[in-house]
Amino acid sequence: MAALEAQHSEARPAAAAAVGEEHPAWQREWRANVFNRGEKDMQTRDGGRERAQQLGEHKVATEVHPSSVHFLQTRHALYVGHVVLAGPPSNNDVAEAWLTPIFADPNPCAAGGIPAHHVAGFALTTRPAAAEAVCLAEAKVPPLHTGDVAAARGRFCDSCGITSDAARLCSVFQAGAYKPLVRLESTSFIRVLKGPPESDPMWKSCTTPGAPVSLTFLEFETRKRYRVSGVICDPLTEGGFSVTTMECFSICPRYIQQRTIDFVCPAEEMPKPVAHSSLQQQDPSRLPEDLIEFITSRDTMFITSVNPELARGVDSSHRGGRPGFVRVVDKSKLVWGDYHGKGMFQVLGNTLICDKVGVTFVDFEHGHTLQVTGTLRVVWVDPKDGLDHCPRVCIFSISRWLYTEFASAFHWKFLALSSHHPVLIDTPLLHSLASSSVDSAADHWRAVGEAPLVKFHIETAWSESPCMKTFRLRMERPLMWEPGQYGTFCFDVGGAPFLRCFSVSSATRAVVPGAGSCDNLLGASDCVEISVKLQGRVTSWLHEHWEGSDGVCHGVEGGFTLSMSAYVMAQGNSIVEHPFSSWWKLLFLSAGSGVTPMMSMLRGIRNSLSGSLSIQEMPDVVHIHVERCADDVPFKTEWPALVESGVLKRALFALTRSSASEPVPSCLQPLMSPACYGHLTKEFVAREVPDVAERFVYLCGPNAFMADTTTLLTAAGVKFNFIINENYDY
């Protein structure tokens, strides 16, 4: 490890000094070998090696993306993965892996703390998961006060009524209320401005240059997270430490619960952290009853692992599930199912090389933390036998733990459970791991948390194109959604449950300006339509065996809605500076099944016309859709009607594998002149949408398409933060 660290410290400055070389040689070589041998083995066994390589080369960079700098610098919590060595660094002998949370210090304030609704400033966020995804009754988001609604309407100028009533005003904690925690000197150099409590293991692992670390940044309000792996540059002191980045990327929000700051303890009233170590008891590996209860009631865990063969060898991440997704066996083991993710296995892959792992749990309501170190073993099983029907079960053997009271001045309030979590199921495998006791809260939390699940029956289906079908789902009770959101649906395929996310393509409820309640604004119906492209095991089963099939909807959520353009504008505090017409101009850009959330939004706008919305108040929408050929374009008869009614200003198409001489369905012929034949080009967009730089762009489709189109749009003058993505890579 020491040799690799020295090699890195010499190579990077030399590469940075290279003039005119966009990707230095060391960077190109690293990108081709972004995964270590343990990660590759996991990817291969999971059957996703090729996809993981493509994803890694596309997403993982050696420096922080400029668009993420502000996000990192405004965090008030940071989760640091690190390792304690058993001897000198040259031995590569890892004794322990730990994950340390570091929380910003609050600024002095009035006695009683800062309730969230008193923090200066607010941001608008769509209702995260509708009523069905707010799983605990006592945790539902409270209704807005009349004054808050009026203020929101005045500030966001929402003529469609989409943002006003379909949203909740969640506090976005302002930087002035706490002392800065992170500062980026450059996109490859991160300075953390505070150290952990004096009892933390970081004081053993991060006091020398070259020590590997991993940083996880997370924002619960928006479910954003970002990860950085690198090495210590300036060693740890009370004033913090600095990190040279080696691996940076954003990671999916799939299993993140939504929370918001509810209270901040004033600096002058904040108690000093109190640490309780298992070294003070006879058997450091055993958990007392109160900590077992603590763990089995958590819905969030942070985890870190290490590969001592590499300088960037520490990886950390977030894990989430329904409360109780982590079980305790024999009071000395933690067991959980490994849920479906991106398939890169950067945390679990390391365990094939070194089994040392650290996990951390946070009591978000009171500010206490529990850090645990030990070893991890991953067992592959038939999904029918795995915990929560997962194909992998993680068995974590505890070495020791550290419980810290008053670690954080921030107290979070629960808002919504992610709709992606599978149902908790204790299979016989769990009991086979125990010699004496099993502590599981799955039955208790399942009784509480399953109430929002909505069963459905597939009523009918029809073809939209040769490779896309729309399925009408009849729900056992009405489901609510905002046009553009997606649902998480569970299907029984071959006797095993599979969770998949599909955008809701229907918008059955009209959006009426000035509607008095959120429920009136959100589409509320017991009939939901999803339009699914044939492209995988589950979708193939759905296309072929849908008749008579049933399933379960775990909820509907997502921020890819018309209200998001108002949110982005509000983040820049520039709504007042721009007249209504300048920020309600939209460009929809879709490819393949990426058209489905946009069709839902267009249908929502169309339904608004049947209410009190006038044509003069309509969003100015231009839509460009990309397909291989005209025959593959879905919703063929609907495009001309949307243009004729004024919902769409223009509908344009780019056909990547067609020429102008090939036949076009008659209903699309009026819209095919002009069309782009071949891949979408900057010239076509600039010619057909000359005011593209003035528009918010909604972008949805395959990853490569979105990456290439983002480059095209920024080159055409579109501001990066005016490009709103819907991401299907999780």
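Residues numbered from 1 in each chain as written. Predicted model: local features only at pLDDT ≥ 70, side-chain atom pairs only at ≥ 80, totals over all residues. Heavy atoms only, no water.

Our next topic: the overall build of the protein chain. Along its length, the protein chain carries 20 helices and 32 strands. Counting all 730 residues of the protein chain, 58% fall into the buried class. Carbon and sulfur atoms provide 52% of the accessible area of the protein chain, an area that totals close to 27,600 Å². (Helix = DSSP H or I, 4+ residues; strand = E, 2+ residues; numbered from the N terminus. Buried < 20%, exposed > 50% of the residue type's maximum accessible area, 1.4 Å probe, protein only. Areas by Shrake-Rupley, 256 points an atom, 1.4 Å probe, with all protein chains shown as cover.)

Turning our eyes to something else, we now look at the sheet that holds strand β9 (residues 241–251). Strand pairing within a sheet occurs via backbone hydrogen bonds; the two strands may be parallel or antiparallel. Here seven strands make up an open sheet; going across it, the order is β2-β1-β7-β8-β9-β6-β5 and the pairing antiparallel. Looking at strand neighbours, the two that pair on one side only are β2 (94–103) and β5 (182–186), the edges of this open sheet. In this sheet, neighbouring strand axes are inclined to one another by 30 degrees on average, regardless of whether the strands run parallel or antiparallel. With eight bridges joining them, strand β7 (residues 212–219) and strand β8 (residues 224–232) adopt antiparallel strand pairing. Across the sheet, L218 pairs through a bridge with R225, a residue of β8. (Pairing = 2+ DSSP bridges. Axes fitted to C-alpha atoms, helices over the stretch in contact; angles between N-to-C directions.)

On inspection of all chains with the given rule, the structure shows 21 aromatic pairs. Ring geometry for F294 and Y403: centres 5.8 Å apart, planes at 80 degrees, overall edge-to-face. Placement of the pair is F294 in helix α10 (residues 289–295) and Y403 in strand β18 (residues 392–405), with a sequence separation of 109 residues. We classify Y403 as buried; its relative accessible area is 15%. (Phe/Tyr/Trp six-rings, centres within 6.5 Å; stacked < 30°, edge-to-face > 60°.)

Before going further, it helps to spend a moment on the packing of helix α17 (residues 595–609) against helix α18 (residues 638–645). It is the contact of α17 with α18, at a shortest axis distance of 11 Å, that shows an interaxial angle of 40 degrees. Comparing their axes, α18 and α17 come out oblique. Crossing hand, α17 versus α18: left-handed. Mapping the contact onto sequence places V595, M599, L602, R603, R606 and L609 in α17 and E638, W639, L642 and S645 in α18. (Parallel < 35°, antiparallel > 145°, perpendicular 65-115°, else oblique. Left-handed = near helix turned anticlockwise from the far one by under 90°. Contact = heavy atoms within 4.5 Å.)

On average, the protein chain scores 80 in pLDDT, and the residues at 70 or more come to 78%. Confidence drops under pLDDT 50 across residues 110–174; counting only partners more than four residues distant or on other chains, this segment forms 168 contacts. (pLDDT = per-residue confidence, 0-100.)

Moving on: the pattern of salt bridges. This structure, assessed with the given rule, holds 32 salt bridges. A salt bridge links R392 to D46; the shortest N-O distance between them is 3.2 Å. Of this pair, R392 sits in strand β18 while D46 sits in helix α3 (residues 37–46), and the two are 346 residues apart along the sequence. Residue classification places D46 among the partly exposed residues on the basis of a relative accessible area of 36%. The partner of R298 in a salt bridge is D363, and the shortest N-O contact between them spans 4.0 Å. Here the residue R298 occupies a position in the loop between α10 and β12 (300–306), and D363 occupies one in strand β16 (residues 356–363), the gap between them amounting to 65 residues. Pair check on accessibility: R298 and D363 agree, each one buried. Here the salt bridges share partners, and the residues they tie into one network are K585, D620, K649, D691, E694 and R695. (Salt bridge = Lys/Arg side-chain N within 4 Å of Asp/Glu carboxyl O.)

Take the sheet that holds strand β31 (residues 696–700) next. Read from one edge to the other, the open sheet built from six strands follows the order β30-β29-β28-β27-β31-β32, with strand pairing classed as parallel. Both outer strands of the open sheet, β30 (676–677) and β32 (723–726), are each paired with one neighbouring strand and no more. Across the face of the sheet, α17 comes into contact with β27 (585–591), β28 (620–627) and β31 while running at roughly 145 degrees to β27.

Of note, S317 is situated in strand β13 (residues 314–320). The class of S317 is buried, set by a relative accessible area of 10%.

Time to look at helix α20 (residues 703–715). Spanning 13 residues, α20 covers 19 Å between terminal C-alpha atoms, matching the ideal 18 Å at 1.5 Å per step. Among the residues making up α20, those that are buried are F705, M706, T709, T710, L712 and L713. Looking down the long axis of α20, one finds its buried residues gathered within 165 degrees of arc, a one-sided arrangement. Opposite the packed face of α20, turned more than 90 degrees from it, sit the exposed residues A704, D708 and T711. Where the residues of α20 are buried, they touch β27, β28, α19 (682–688), β31 and β32. Where α20 terminates, the next one or two residues include G717, which has phi positive at roughly 100 degrees. (Expected span 1.5 Å × (residues − 1). Arc of directions from axis to C-beta.)

L587, F588, W639, Y698 and L713 are the most contacted members of the largest nonpolar core, which totals 57 residues. Of the residues forming this core, the biggest block, six residues, is contributed by α17. In this structure, L713 is in contact with L587, L589, V692, V697, V718 and I723, ignoring residues within four places of it in sequence. If you look at the next biggest cluster of nonpolar residues, it comprises 44 residues, including V182, A211, F217 and L218. (Core = buried A, V, L, I, M, F, W, Y, C linked by side-chain atoms within 4.5 Å.)

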